[in-house]
Structures are given as C-alpha cells and as structure tokens.
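Architecture and fold: a report
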Amino acid sequence: MTPEIGIDLGTASVLVYVKNKGIVMNEPSVVAIDTTTGNVLAVGEEARLMIGRTPGSIIAIRPLREGVISDYQVTEKMLKYFIEKVTGGVSMFKFFKPKVMVCVPSGVTEVEKRAVIDATMEAGAREVFLIEEPIAAAIGAGIEISKPNGCMVVDVGGGTTDIAVISLGGIVESTSIKVAGDTFDEAITRYMRKNHSMLIGERTAEEIKKTIGTAYPREEEVFMEIRGRNLVTGLPELREISSTEMLSALKECVVQIADAVHSVLEKTPPELSADISDKGILMTGGGSLLWGLDKLIQKRTGIEAYVAEDTVSCVARGTGEALNSLKYMSHNSYKKKY
Ligand code: ADP
Ligand code: MG
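To keep things clear, this report deals only with the structure shown in the data block. (Residues numbered from 1 in each chain as written. Chains lettered and ligands numbered in written order. Predicted model: local features only at pLDDT ≥ 70, side-chain atom pairs only at ≥ 80, totals over all residues. Heavy atoms only, no water.)

Our focus in this paragraph is the overall build of the protein chain. Each helix and strand counted, the protein chain has 11 helices and 17 strands in total. Its C-alpha radius of gyration of 20 Å places the protein chain within 12% of the 20 Å reference for a compact globule of 338 residues. Along the longest, intermediate and shortest principal axes, the C-alpha atoms of the protein chain span 65 × 55 × 30 Å. Across the 338 residues of the protein chain, 52% fall into the buried class. Summed over its atoms, the accessible surface of the protein chain is roughly 15,500 Å², and 50% of this surface lies on carbon and sulfur atoms. With 38 positive and 45 negative side-chain charges, the protein chain shows a separation of 4 Å between the mean positions of the two kinds. (Helix = DSSP H or I, 4+ residues; strand = E, 2+ residues; numbered from the N terminus. Rg over C-alpha atoms; globule rule 2.2 N^0.38 Å. Buried < 20%, exposed > 50% of the residue type's maximum accessible area, 1.4 Å probe, protein only. Areas by Shrake-Rupley, 256 points an atom, 1.4 Å probe, with all protein chains shown as cover. Lys, Arg positive; Asp, Glu negative; His and termini not counted. Charge placed at Lys NZ, Arg CZ, Asp CG, Glu CD.)

Within the largest apolar cluster, 43 residues are counted, with the highest numbers of intra-cluster contacts made by Met152, Ile208, Ile281, Leu293 and Ile297. Take this core: its biggest share by element is 11 residues, from helix α8 (residues 243-267). (Core = buried A, V, L, I, M, F, W, Y, C linked by side-chain atoms within 4.5 Å.)

Further remarks concern the sheet that holds strand β9 (residues 151-156). Strand-to-strand pairing in sheets goes through backbone hydrogen bonds, with the strands running parallel or antiparallel. Pairing is mixed across the open sheet formed by 5 strands, whose spatial order is β11-β10-β9-β15-β16. Edge strands, defined here as strands with exactly one partner in the open sheet, are β11 (170-177) and β16 (305-307). For this sheet, the mean inter-axis angle between neighbouring strands, taken without regard to orientation, is 20 degrees. Here 6 bridges tie β9 to strand β10 (residues 161-167), and the two strands are oriented antiparallel to one another. Residue pairing for β10: Val153 is matched across the bridge by Ala164. Lying on the sheet, helix α5 (residues 133-140) is in contact with β9, β10, β11 and β15 (281-284); it crosses β10 at an angle near 65 degrees. Where helix α9 (residues 270-279) meets the sheet, its contacts fall on β9, β10, β11, β15 and β16, and the angle it forms with β10 comes to roughly 110 degrees. (Pairing = 2+ DSSP bridges. Axes fitted to C-alpha atoms, helices over the stretch in contact; angles between N-to-C directions. Contact = heavy atoms within 4.5 Å.)

Listed below in structure tokens is the structure:
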C-alpha cells in the first residue's frame, strides 16, 4: 500500500504526519546558514537554539516567516532535510513512493509553492498535493467538511491568522491577516522597551506570551520574572511583570484578529452563519492558545469560540487525512501536482 504523508509547513513549525503512525515530527521552521559560504549548518530545533546567539558569519532564519520568504531555496533545503529525517534517508522514501499532501501558509507565493512541490518530488514523492490551511484544520478537528453545513475556522499561526468559512468541502468566505503569534511577540518586546526601558530577545518575548500573555481580562492576575537588558544602564536586569500589563501590550493586535473574524461573519451567507452560531467557531494553531483569545472572539461575535483539542497538530493530521477525502473536497481547496 502507498504510504500517505501529510506535512504542515508552517511559518513557525513543521509537522509531519504519517497515516497509521500519527505525528512523527514536530520541529521549528528555522534554518541556520553560514553567510560566507551559503551552507546550511543546522535545521529545526538545533537551528532555533541559535537564534539571537549567532556569531557574525552565521544567521538563523525562518524561511517562511512573513517578509523573509525571499529565499525559496532555503525553504526547499529545509523541507528536504525534514523529509529525509522522518524517512530515515531518501532511498526509503523513493522505494515506497508515498503520496504527500502539504499544507502551505496562506501568504506563500507561486514561486515558493513551486519550490515546495519540487523539493517534495525530489525527495521521492509519487504525487504531491497542496491544501489550504483552514480546510486541513477543519478535517484535523474532525469536522465533516463534505456536508452542506457551514463551519468557521480561525487558525492563529506564527505569521498569519487565517479565517475561513467552509461548506461542501470548499472555502466560501475567507481572509488572512498578518497578525498572529509573531506579532504578539513583537508587541511584547515593544511594550518592554517603552514601559520598562528593557531590551528582551525574541525567545524571551515568546516565553512571556506563553506564560502570562493575555487577550481578555483575567479574574486573577499572574506575574512573571523576566531577564533583559536595561537600556539606560546597559546591564542585565531582573524585572517582574504582570498579566494586566500584557493585556495592554497585546490589546491592539488581538482586537485586529477579533475584528477580522467579525468582518468575515458579516460577509457570510445567512444560512451558513446560522450553522456557525449553532456549532461555534473552531480555533486552531499555536497562537489560539494565547490566554483569553477565545473569550475575546466570543465577546466580539456573540458566538461560542473553542480551541481544538490538539490545536498544534490539528492541521498536520488534517493534511494527512485529506488524502482520503479528495473526492469530497472542492478543487479550489487542494491542488494536485506531478
Ligand atoms: P504556523 O502554523 O505558522 O507554523 P503554529 O500553529 O505552529 O504556527 O503556531 C505558532 C505560534 O503559536 C507561535 O507564535 C508560538 O509562539 C505560538 N504559541 C505556541 N504555544 C502557545 C501558547 N501556549 N500560548 C500562546 N502562544 C503560543
Ligand atoms: Mg499552521
């Protein structure tokens, strides 16, 4: 039997799902490159640990992140590395000739899609399909997308938030905004600089977000001690910050997400929006774990919003499972390439 593989090529992380095996890989989409030779030095977690810690000649980049997609060759190298990693070498992959479905971020260009397809084919796939993220997310969350029922998916990733209304296996109404997990980190960094005269690194900002990040007022305030560099003295310093501060730091970006959800609902045909208010809004992606984001969307729309059970791996699983449901999917939700 042909193995079936689903790859969630995200702006923040790459997950690989193999049918009957489950998620076999989950690594950050980061590549470390030696700028003098152009060689790839490390990929994935190993490369992530280098972010902000590299000497002059090495850079750690996220090839799919908003604005940095310029180098599609790096994307290709990264994808190849991951495929080889899960298959234990190209030869085995070639021997079994799997069918591969890849979910690409909504912002990627045609050139990058081409690079993804080429890299996957070159790694030995027999057939490659590309799928839109909201469709994959819905399938992964167990929604029967082939039914004439409307469902709404809000996927908050690293680089983009994708909002879509799905019915009969296709996207009826959608939007994608460049406000997501990375934007939250940047907002926190800005807040710390402005209100605490403190410089913090990218990874510290993410840690703050995951620990005390807040999108909706909490009943009980939480605190965290963080380390950064005082901009005035230039020395390292320890500071305690609160979730209430994070609420004000993140307010602007989370409101943009809630507004975008609202505007998609406004454009949705009434029959479908009735279905949505019946079943609720499904939230997926790592960014949906930001504390209170579901509550905020619920408040803004009056419709219950719920985070998918395994929100981080939902898209990868849906991507793999989509290979079984091609006949139920509309042709604009996936593309087949040889
Ligand atoms: P992509 O699909 O673009 O690769 P993911 O769905 O993997 O993105 O989500 C990555 C984003 O989710 C990152 O910005 C990460 O910081 C964020 N994230 C992960 N866990 C949490 C959490 N517990 N709270 C808030 N944000 C989180
Ligand atoms: Mg994603």
